[in-house]
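Notes for the structure review
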Amino acid sequence: GIRDSVASRGLGDVYKRQRNNFFGIYGAGLASYQLGQYEHATRFLTQALLFDPLNWNLKLAQGWALLRSGKNEKAISIFGKLAQERSYMAEPNLGLAIAEYRAHHLVEAKIALARGIKLSTEEIWPQEVLEIINDTPELQKYLESYSHVRKEDSSGMSSMLPSQ
């Protein structure tokens, strides 16, 4: 409009236009994530969180982008907070388990993974969850015993472990 062709009159003009930028930044973050450009996704999602710091889906996407860009400690921080805020949801616990595992915190990974699997209604998990299970004999044994106990408790519910 006319305002855009005239020099800015201060922060008020800039702020009025920023809300529209949120969707562009958020969209760029999600697009970067889908393209596997996790470093770029992290930057865009961090900027988008400045506009909407309470957006839970945005925080979750940022956690996955951080995790997949190898920033495990930052991912642990985000997923840990999300798992506390939404203690009834599996996804932040599974993300936390992957980040803890990659940071070599096996005990914490075990706890988060068991919590995530217990809460999970999905039979298809992120590839990283399967990698953790398949690469860690200690976790395999733990989850087999956990699934066995859970199977007995759930009257006929099938095991949550993937077939190998």
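The present account deals with the structure reproduced in this document. Predicted, not measured: the structure shown is a model, and the values here were computed from it.

**Thoughts on the environment of M89**
Mapping M89 onto the fold places it in the loop between α5 (72-85) and α6 (90-102). Classification of M89 as partly exposed rests on a relative accessible area of 25%. Spatially, the C-alpha atom of M89 lies 7.4 Å from that of S120, the residues being 31 residues apart in sequence. With residues up to four places along the chain from it excluded, the contact list for M89 reads W56 and L119.

**Side note on the pattern of salt bridges**
Side chains that differ in charge, positive against negative, can pair when their charged atoms come close. All chains considered together, the criterion is met by two salt bridges. Between E39 and K71 there is a salt bridge, with the nearest N and O atoms lying 3.1 Å from each other. Of the two residues, E39 sits in helix α3 (residues 38-51) while K71 sits in the loop between α4 (56-68) and α5, which places them 32 residues apart along the sequence. Overall, E39 belongs to the partly exposed group, its relative accessible area being 35%. For K71, a relative accessible area of 26% gives the class partly exposed. In this structure, the salt-bridge partner of E85 is K59, at a minimum N-O distance of 3.9 Å.

**Topic: α6**
Between its first and last C-alpha atoms α6 spans 19 Å; for 13 residues at 1.5 Å apiece the expected length is 18 Å, and the two agree. The complete set of buried residues in α6 reads A90, P92, N93, L94, G95, L96, A97, I98, A99 and E100. On the buried face of α6, the contacting elements are α4, α5, α7 (106-119) and α8 (127-135). Positive phi appears at H104, one or two residues downstream of α6, with a value of about 65°.

**Side note on the packing of α6 against α8**
Geometry of a packed helix pair, given as the angle between the helix axes and the separation of the axes. Following both chains from N to C, one finds α6 and α8 inclined at 50°, their axes separated by 9 Å at the closest point. Taken together, the axes of α6 and α8 are oblique relative to one another. Crossing hand, α6 versus α8: left-handed. Between α6, through L94, A97, I98, Y101 and R102, and α8, the contact on the second element is made entirely by E128, V129, E131, I132 and D135. Classifying every residue of the contact of α6 with α8 gives six nonpolar, no polar and four charged.

**Description of the packing of α4 against α6**
It is the contact of α4 with α6, at a shortest axis distance of 10 Å, that shows an interaxial angle of 25°. With respect to each other, α4 and α6 are oriented roughly parallel. Note on packing geometry: the crossing formed by α4 with α6 is left-handed. Together, W56, L60, W64 and L67 of α4 and E91, P92, G95, I98, A99 and R102 of α6 make up the contact between the two elements. A breakdown of the residues in the contact of α4 with α6 according to their chemical character gives seven nonpolar, one polar and two charged.

Cut-offs applied
Sequence order as written defines residue numbering, which begins from 1 separately in each chain. Residue-level local features of this predicted model are given only where pLDDT is at least 70; pairs of side-chain atoms are given and counted only at 80 or more, and the full residue set underlies all totals for whole chains, interfaces and linings. Side-chain numbers here rest on the full set of heavy atoms in the structure, without hydrogens or water. Only DSSP runs of H or I reaching four residues or more are called helices, and only runs of E reaching two or more are called strands; each is numbered from the N terminus. Throughout, exposure labels follow a simple rule: accessible area from a 1.4 Å probe, protein chains only, divided by the maximum for the residue type, with under 20% read as buried, over 50% as exposed, and the rest as partly exposed. In this description, contact between two residues means that some pair of their heavy atoms is separated by no more than 4.5 Å. Criterion for a salt bridge: a side-chain nitrogen of Lys or Arg within 4 Å of a carboxyl oxygen of Asp or Glu. One less than the residue count of a helix, multiplied by 1.5 Å, gives the span that helix is expected to have. Angles here are taken between N-to-C directions and fall from 0 to 180 degrees, while the axes themselves are lines fitted to C-alpha atoms, restricted in helices to the stretch in contact. Roughly parallel means an angle under 35 degrees; roughly antiparallel means over 145; roughly perpendicular covers 65 to 115; every other angle is labelled oblique. Two helices cross in a left-handed way if the nearer one is turned anticlockwise from the farther one by less than a right angle. They cross in a right-handed way if the turn is clockwise. Under this grouping Gly is polar, as are all residues other than the nonpolar Ala, Val, Leu, Ile, Met, Phe, Trp, Tyr, Cys and Pro and the charged Asp, Glu, Lys and Arg.

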